[in-house]
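# Residue-level structure breakdown
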Amino acid sequence: MSKDNDLNFTIAENIRKYRNLKGISHEDLEELSGIDYDTIVKIETGGLEEVLIEDIEALAEALDITVDDITDIT
């Protein structure tokens, strides 16, 4: 697995983890972040080859976490 794939997997896991911890649905996250529902699902399932930094920033703000929380590989 490449480094990019590892990062995409980490992003997917962390967004799903924080969304679930905060009890936020995909629909609510769409409204809070301004990111399309289908894009959020694709990010969470690893269905995108590349996740835009703008989307990561918007999701972090919507979830009240940092970009580092989303991209942290540890």
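Note: the structure precedes this text.
Presented here is an overview of the structure given in this document. Everything quoted here is computed from the prediction, not taken from an experiment. (Residues numbered from 1 in each chain as written. Predicted model: local features only at pLDDT ≥ 70, side-chain atom pairs only at ≥ 80, totals over all residues. Heavy atoms only, no water.)

## Let's talk about helix 2 (residues 26-33)
Within the sequence span of helix 2, burial applies to His-26, Leu-29 and Ser-33. Projected down its long axis, helix 2 carries its buried residues within an arc of 60 degrees, all on one side. Looking at the residues trailing helix 2, positive phi occurs at Gly-34, about 80 degrees. (Buried < 20%, exposed > 50% of the residue type's maximum accessible area, 1.4 Å probe, protein only. Helix = DSSP H or I, 4+ residues; strand = E, 2+ residues; numbered from the N terminus. Arc of directions from axis to C-beta.)

## Quick word on the pattern of salt bridges
Following the criterion strictly, the structure yields 1 salt bridge and no others. Between Arg-19 and Glu-44 there is a salt bridge, and its shortest N-O distance comes to 2.6 Å. On the criterion of sequence distance, the pair formed by Arg-19 in helix 1 (residues 3-21) and Glu-44 in helix 3 (residues 37-45) is long-range, its members being 25 residues apart. Like Glu-44, Arg-19 is buried. (Salt bridge = Lys/Arg side-chain N within 4 Å of Asp/Glu carboxyl O.)

## Points about the side chain of Asp-55
With respect to the element layout, Asp-55 can be found in helix 4 (residues 53-63). One buried charged side chain, Asp-55, makes no salt bridge at all; its nearest oppositely charged neighbour is Lys-42, positioned 11 Å away. Filtering out sequence-adjacent residues up to four positions away, Asp-55 remains in contact with Ile-35, Thr-39 and Ile-43. (Lys, Arg positive; Asp, Glu negative; His and termini not counted. Contact = heavy atoms within 4.5 Å.)

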